[in-house]
Amino acid sequence: MNKEFPKNFLWGAATSAYQVEGAALQDGKGLSQQDVINRERHELYGFADASIASDHYHKYKEDIALFKEMGFTSYRFSIAWSRIFPNGDDQVNEAGIQFYRDLIKELKDNGIEPIPTLYHYDLPWALVEKYGGWLSREVVKDFEIFAKYVVNEFKDDVKYWITLNEQSIIVQYWTQKCYILPEFQDNNQLRYQINHHMNLAQAVAVKLVHEVGGLAGPALGYAPVYARTCKPEDQLAAINANDLRNTYYLDVYFKGYYNVAALNYLQENDLAPVMEAGDEAFFAENISDFFAINYYDSSCAQACPKDAERRWSGYNLSGKKGDMSGFETHPGFYQMCPNPELETTDWDWAIDPTGLEFVYRDLYTRYKIPFMITENGLGAYDELTPDGKVHDEYRIKYLKEHIAATKRAMDRGVEVIGYMPWSALDLLSTSNGYRKRYGLIYVDRTDEDPKDCARIRKDSFYWYQQVIASRGTDLAVDNFLSVSEKE
Ligand code: BG6
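Just so it is clear, the model here is predicted, and its values are computed rather than measured.

With 15 residues, helix α14 (residues 353–367) extends 21 Å from end C-alpha to end C-alpha; this agrees with the ideal 21 Å at 1.5 Å per step. By the burial criterion, the buried members of α14 are P353, G355, L356, E357, V359, Y360, L363, Y364 and Y367. On the buried face of α14, the contacting elements are β6 (225–227), α11 (232–254), β7 (291–294), β11 (371–375), α15 (393–411) and β12 (416–419). A positive backbone phi angle near 50° is found at K368, which sits one or two residues after α14.

And the structure:
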């Protein structure tokens, strides 16, 4: 057994376009639904919007130099559809595609493998106006035009393509991740209809990537589900939850059909997507090559009475522990609940490195697919000290435990290609603006004031540099603990 991670292991980190780039309307870019959603969230909650974000559009060279300094050999980013096709149709914006040519060239010149995501929540706004965005099956055709153009443009530079980001999270938080007109928001069947259209788009992407000889993988927000107790009813509830929240997606990607129990539940409850003949055959013809996992936390379920009220996933907007607005409840199927065994972040996300090992082992047994970690990280309030430092030992500890869990799974024979935590630099959180940060690099701005978005190396930056340089053998944290922690 090797102590080191393999030589060709991809070490890096991840971001997404609207969360870092800014320049929301510059050089011909069209609005995306995230520009609109985040403008509304800014008005409602005071979080930053996406217009400047982390100003990566202007600072990408400086950022890539910092990635190189950390030792990255890969970088996961996403391509903003509305930068290339401002109206979501087939009219290319030359300046938009040029930005990604420049970005990819800069990465390659610095020995960093570009790993683009084709879709990370930011549908062109024009398509929302035209036909309601993902609500309409028409979107699949438009996605194909975009994806074909991008895949062909970069086929010689890119080996690994991430198709769509986090369909399961989109279903859970659909009005945050997609712009849904108010008149449709009470129709919960549409959550699964949107997802069906995304499954078609994802299969289209796999097909296009395969045509040019690349490898394709969907990025799923994956939280394993434990049973609240060892009561048989709770164990069964955990299987139900896992089927509807996780396997429902994975079976389409890796087997080509919907998970039977989950689909059956949706049909009984008038929530199932409307499909056309041939849809599942199309999935089966376009199976993904690897699984890009976004792992943050695990979850917990218990049995749920038949007469309970259906509820959808809640959230914690305040960043105060225990401020969750509710837990997903499917009467007679399962009910999500907190796990009393685990510590949580300030936003109530359970911290569970062993859960990652559990995911690798469970899914490798069930699907025998290679994994790439495309997100993993700790959202926290970071403090910039007066002498310009960020002592984020909590993040270092979190990442350390998850890297160790990855190595343990690999030692048991699981194939893992790379590790790209969230996030390379601070960015606009999908739920909490710049109050909740994930980066290895601090971006000096607040929700209220974009300042100059100066880059500052956090302690986790230096720690991760040490990890990469030692090929994952030196995870020691001692040099990075604050004085009070050491005592
Ligand atoms: C994942 C997304 O769901 O989690 C990212 O792919 C997101 O886009 C990340 O930023 C963390 O979520 P949040 O809401 O804390 O930003």
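Here we take up the site of the ligand. The ligand sits among 15 residues. The nearest are E166, T430, S431, K436 and Y438. Interatomic distance of 3.2 Å between a side-chain N/O atom of W422 and an oxygen atom of the ligand. Note that an oxygen atom of the ligand is positioned 2.5 Å from one of the side-chain N or O atoms of T430. Look at the ligand: alone it shows 380 Å² of surface, and the protein chains cover 96% of it. Cavity membership is defined here by more than half of the atoms lying within 2 Å of grid points; on that basis the ligand lies in the largest pocket. In terms of residue class, the shell around the ligand is made up of five nonpolar, seven polar and three charged.

Attention now goes to the pairing of strand β4 (residues 160–165). When you tally the buried positions in β4, you get six out of six residues, the bulk of the element. In terms of strand pairing, strand β3 (residues 113–119) meets β4 through two bridges, oriented parallel. Each residue of the ladder has a partner; that of Y119, found in β4, is L164. Pairing analysis gives four bridges linking β4 to strand β5 (residues 215–221), with the strands arranged parallel. Directly across from N165, in β5, lies its bridge partner A219.

In this section: the sheet that holds β12. In spatial order, the strands read β1-β2-β3-β4-β5-β7-β11-β12; together these eight strands close into a barrel with parallel pairing. Between one strand axis and the next, the sheet turns by 30° as a mean value, whatever way the strands run. Across the sheet, helix α5 (residues 94–109) lies against β2 (74–78) and β3, angled at about 170° from β2, the strand it touches most. Sheet strands touched by helix α7 (residues 139–153): β3 and β4. Its angle to β3, the strand with the most contacts, is close to 170°.

The next thing to look at is the packing of aromatic side chains. A full pass over the atoms with the stated rule returns 42 aromatic pairs. Taking 5.5 Å as the distance between ring centres and 85° as the angle between the ring planes, the aromatic pair formed by Y60 and F99 counts as edge-to-face. Within this pair, whereas Y60 is found in helix α3 (residues 56–70), its partner F99 is found in helix α5, the two being separated by 39 residues in sequence. You'll find Y60 and F99 in the same group, each marked buried. Centre to centre, the rings of W81 and F143 are 5.7 Å apart; their planes meet at 70°, and the pair counts as edge-to-face. Taken together, the positions of W81 in helix α4 (residues 81–84) and F143 in helix α7 put the pair 62 residues apart, joining distant regions of the chain. With relative accessibility at 0%, the residue W81 sits in the buried group. In this structure F143 comes out as buried when scored by relative accessible area, which is 0%. Three or more aromatic residues joined by ring pairs form one cluster here, namely F5, F9, W11, F67, F72, Y75, F77, Y419, W463 and Y464. Positioned above the aromatic ring of F99, the side-chain terminus of R83 is 5.7 Å from the ring centre. Between R445 and the ring centre of Y434, over which it is positioned, the NZ or CZ distance is 4.6 Å.

All chains considered together, the criterion is met by 25 salt bridges. A salt bridge links E94 to R101, with the shortest nitrogen-to-oxygen separation between them at 2.8 Å. For R101, a relative accessible area of 23% gives the class partly exposed. Between K451 and D444 there is a salt bridge, and its shortest N-O distance comes to 3.0 Å. Overall, the relative accessible area of 14% leaves D444 in the buried class. One continuous salt-bridge network, built from bridges that share partners, spans D382, D392, R395, D426, R437 and K458.

Conventions we followed
- Per chain, residue numbering runs from 1 following the sequence as it is written.
- Side-chain atom pairs in this predicted model are given and counted only at pLDDT of 80 or more, local residue features only at pLDDT of at least 70, and totals for whole chains, interfaces and linings cover all residues.
- Only hydrogens and water are removed before side-chain values are computed, so all heavy atoms of the structure are retained for them.
- Put simply, DSSP marks the helices as runs of H or I at least four residues long and the strands as runs of E at least two long, and each gets a number from the N terminus on.
- By definition here, a helix of n residues has an expected span of 1.5 Å times n minus one.
- Each residue gets one of three labels from its accessible area relative to the maximum for its type: buried under 20%, exposed over 50%, partly exposed in between, using a 1.4 Å probe on protein chains only.
- In this description, contact between two residues means that some pair of their heavy atoms is separated by no more than 4.5 Å.
- Neighbouring residues are identified by heavy atoms, a residue being near a molecule or strand if any of them is within 4 Å of it.
- Identification of polar contacts relies on pairs of N or O atoms within 3.5 Å, with a donor-acceptor requirement for protein atoms, meaning one able to donate a hydrogen and the other able to accept it, and with residues adjacent in sequence counted only if both atoms are side-chain atoms.
- For the area figures, the Shrake-Rupley method with a 1.4 Å probe applies, and any residue is considered shielded solely by the protein chains shown.
- Points on a 1 Å grid, built from protein atoms alone, make a cavity when a 1.4 Å probe fits but cannot get out and make a pocket when they are open with protein on both sides within 12 Å along at least 5 of 7 lines; residues with an atom within 4 Å of a point are the lining residues.
- The way we define it, a molecule is inside a pocket or cavity when more than half of its atoms are within 2 Å of that pocket's grid points.
- Three classes are used, and their members are as follows: Ala, Val, Leu, Ile, Met, Phe, Trp, Tyr, Cys and Pro are nonpolar, Asp, Glu, Lys and Arg are charged, and the others, Gly among them, are polar.
- Any two strands with at least two DSSP bridges between them are considered paired.
- Orientation is described by lines fitted to C-alpha atoms, with helices fitted over the stretch in contact, and by angles between N-to-C directions that extend from 0 to 180 degrees.
- The aromatic pairing rule takes the rings of Phe, Tyr and Trp, using the six-membered ring of Trp, and pairs them if the centres are within 6.5 Å, calling planes under 30 degrees apart stacked, those over 60 edge-to-face and the rest tilted.
- Each ring is checked for a lysine NZ or an arginine CZ that lies within 6 Å of its centre and within 35 degrees of its normal; such an atom marks a charge sitting over the ring.
- Every case where a carboxyl oxygen of Asp or Glu lies within 4 Å of a side-chain nitrogen of Lys or Arg is listed as a salt bridge.

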